[in-house]
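# Coordinate inspection notes
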Number of protein chains: 2
Amino acid sequence: MEHFEAWAETNFEENLAVLIDYLRVPTLAGQGVGVPEGAEATAALLAAAGVEPRLIDVPGAPPVVYGEIGEGPRTLMVYDHYDVQPAEPLDLWTSAPYEPTIRDGRLYARGAADNRGELAARVRALAGYRATMGEPPLKIKFVFEGEEEIGSPHLGEFVAANRDMLEADGCLWEGGGWDDDGNPEMTLGLKGIAYFDLRVRSADADLHSSLAAIVPDAAWRLVWALASLKDADERITIEGFMARVVEPGPEDLALLERLPLNEAKIRETTGIARFVNGLTGLALKRKLYFEPTCTICGLTSGYGGPGAKTVLPAEASAKVDFRLVPDLDPPTVERLLRDHLDRHGFADIETRLISGVAPARSPVNADIVRAAIATARAIWGMEPAVSPNSPG
Amino acid sequence: MEHFEAWAETNFEENLAVLIDYLRVPTLAGQGVGVPEGAEATAALLAAAGVEPRLIDVPGAPPVVYGEIGEGPRTLMVYDHYDVQPAEPLDLWTSAPYEPTIRDGRLYARGAADNRGELAARVRALAGYRATMGEPPLKIKFVFEGEEEIGSPHLGEFVAANRDMLEADGCLWEGGGWDDDGNPEMTLGLKGIAYFDLRVRSADADLHSSLAAIVPDAAWRLVWALASLKDADERITIEGFMARVVEPGPEDLALLERLPLNEAKIRETTGIARFVNGLTGLALKRKLYFEPTCTICGLTSGYGGPGAKTVLPAEASAKVDFRLVPDLDPPTVERLLRDHLDRHGFADIETRLISGVAPARSPVNADIVRAAIATARAIWGMEPAVSPNSPG
């Protein structure tokens, strides 16, 4: 390690220059800006570290930049993305977003964080490892995509088409942050999502509400259907849904105990008097990190303006967002939701899955987690704040 | 009666000319058009029939035109209004709305029906009665308001301030129509209304839905509160609400049996497959005419556009319209609703009564109802279609 640290010291300016060059040409997937340039620059980074890069075409999407190096009994995947968010509004930037500038010991540019900075640091670290310690004693697979900032719409297809190539014992995601106390954060998973449009039509057109005694009301149909999904005690009541939730184990709960959650600060910034069900402490953290959600993100029906309009709405719709934990995934939730509505007399409620991502979570005692924690301790000389999951 | 009929025959052209003149100058309360002119013309009609008219000032509203005539043990009130709806869209008129025109034996002008035609016919009928049979053997009180078409916002105040003057044994409302079979319709009551805005705020601002595991969701709060008001079998579950509903008596049910309701036509025009709870026949009519409603006229919360937005809404609102039957009135409903929400853990749901009108219904066997039915039989030579209530 001393050799590596000496290398990092000696090559600091050069590594910084590589990063600064890399940040000058942005890739904006949504705008179709700088896609080949970003892919080429990313491939060049890999090549400079001794990894033979491949640009893998993904129909309708920026290419995935892929490379492998090393041999050993285990395989580590490193995932990052080379696209960035648009820099607007430009007048809030102190220095131009694509002219990387150092102020007070910090580098400012679009993508310096999230995610070109992390991507380049990881590749340059490999270069340093190879220069001082030789080939890595495990296989490393770099997977760099170019449309993460628009929701990775083609990544699922890419993974499905390249399962063998992407097989690995563990994966490092984009990067991490620092908590309020200055400890490095480490997150072992992400909740998934299944986002639905629920819609019901009860008549050909809106009617006068005097007919409401005998003509069905779309808004009522929707309200009753929704109320059957989750009760006022925040229990999701879709048959078979909660039964699939993997309960946290003793190690998870031990982690949660240590994980800080500034309740007062959240209450203050959101303006809420209390958390759901009056929860606090470990029970609150457990709900936040280990339980799925069923959120109404929107309700639309009939008249919403000032005063009164005596309308009997013909249509009503809701946006419903489920955050998923293992073993729930979008197709399962779609099927459970449909079955539940049909069984409870709500066959008239249409359900449409708008977007879905499966959850992912590593066990606390997985080898890769233990290795990452040990590495963080060794490098930073302090205990990382390990979160068993991300709430989002 | 022969004398009266001869008078009507002889004076047909003159009475028609009076009506045509009356229809030329409209009163539009919402636009403040023709208010003094309409009140004066209405007063002149009364005066020409031998009734001394009074223009009673109502602060902020067109004057009420009032007149009394006759003496006897009973008092009949005659209610009509001298304002009309705006005539727009003008290009749908075959002849100009304020140039009364006769085509195919019918008189076309704004207000020829609803309600200057009926008003003038009643006053001219009194003139004929007096000319042929002398003073009426009962007291008749004419009450003609000038802002019915904008919802009579000041009539309640006017009635409250003039209770003694307005006391009566019965009241004839604006007028009636003809059913599909050509029988004269008679309606013995109107449902009332209590229209509420329900609103809840759960946080200072919309949040990201990843916090939904622990931060309350305004849309859910609203859905649960609404679902507590009426169940999926269309039963209103507000404590004390249904207990106040006066059940129809045997005479009411006998009337309902005879009253036609073209179910197929309603299903076809509304596009519904079935009525609520699959009702049909007498049970359907009973629900339509004798039961109160609780209708969601609108739902508004969070995101309602295309696709997904992962928002946790801070605010949600609903418009809720109750149609009332005796003995429910708006203040009672407001109190029952508030108590119900508070008792069921929904103190956070604000309730605001936007508009309210009490229901009114005459018993089928009331003297005035029997007299009206007998009169209709005598005049038209056929059985009137008597509806015990209006659904609206």
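Reading guide: rules and limits
- Residues numbered from 1 in each chain as written.
- Chains lettered and ligands numbered in written order.
- Predicted model: local features only at pLDDT ≥ 70, side-chain atom pairs only at ≥ 80, totals over all residues.
- Heavy atoms only, no water.
- Least-squares fit on C-alpha atoms with pLDDT ≥ 70 in both.
- Contact = heavy atoms within 4.5 Å.
- Pairing = 2+ DSSP bridges.
- Helix = DSSP H or I, 4+ residues; strand = E, 2+ residues; numbered from the N terminus.
- Axes fitted to C-alpha atoms, helices over the stretch in contact; angles between N-to-C directions.
- Expected span 1.5 Å × (residues − 1).
- Buried < 20%, exposed > 50% of the residue type's maximum accessible area, 1.4 Å probe, protein only.
- Salt bridge = Lys/Arg side-chain N within 4 Å of Asp/Glu carboxyl O.

Further remarks concern the relation of the copies chain B and chain A. When chain B is fitted to chain A, the best match, at an RMSD of 0.1 Å, comes from turning it 180° and sliding it 0.1 Å along the axis. Considering both components of the superposition, the chain copies are consistent with a two-fold axis. The residues that chain B uses at the interface reappear at the interface of chain A in 100% of cases, marking a shared surface.

On to the sheet that holds strand β2 (residues 61-69) of chain B, then. Residue and element names in this part refer to chain B. Strand order in this open sheet of 5 strands is β1-β2-β6-β3-β7, and the pairing throughout is mixed. Single-partner strands in this sheet number two, and they are β1 (54-58) and β7 (170-172). Neighbouring strand axes in the sheet, compared pairwise and without regard to direction, differ in orientation by 25° on average. Bridge count between β1 and β2: 4 bridges; the pairing is antiparallel. If you follow Val58 over to β2, its bridge partner there is Ala61. This element, helix α4 (residues 116-133), spans β2, β3 (75-81), β6 (139-145) and β7 of the sheet and lies at about 145° to β3.

Take helix α4 (residues 116-133) of chain A next. Residues and elements named next belong to chain A. Helix length check: α4 (18 residues) gives 25 Å between terminal C-alpha atoms against 26 Å at 1.5 Å per residue, within 8%. Arg116, Gly117, Leu119, Ala120, Val123, Arg124, Leu126, Ala127 and Gly128 are the residues of α4 that are buried. Buried residues in α4 make contact with α1 (2-10), α2 (12-24), α3 (35-48), β2 (61-69), β3 (75-81) and β6 (139-145). Looking one or two residues past α4, Gly134 carries a phi angle of roughly 90°, positive in sign.

Let us look at the pattern of salt bridges. All names here are of chain B. The full count for this structure, using the stated rule, is 42 salt bridges over all chains. Notably, a salt bridge pairs Glu315 with Arg199, separated by 3.5 Å at the nearest N-O pair. Of this pair, Glu315 sits in strand β14 (residues 315-324) while Arg199 is found in strand β10 (residues 192-201), placing the two residues 116 residues apart along the sequence. Note on Glu315: relative accessible area 30%, which makes it partly exposed. On the accessibility criterion, Arg199 (28% relative accessible area) is partly exposed. A salt bridge links Asp348 to Arg221; the shortest N-O distance between them is 2.7 Å. A residue pair is termed long-range when its members are at least 10 positions apart, and Asp348 in the loop between α11 (330-343) and β15 (350-357) and Arg221 in helix α7 (residues 218-227) qualify at 127 residues.

Nothing here speaks to function; it is geometry throughout.
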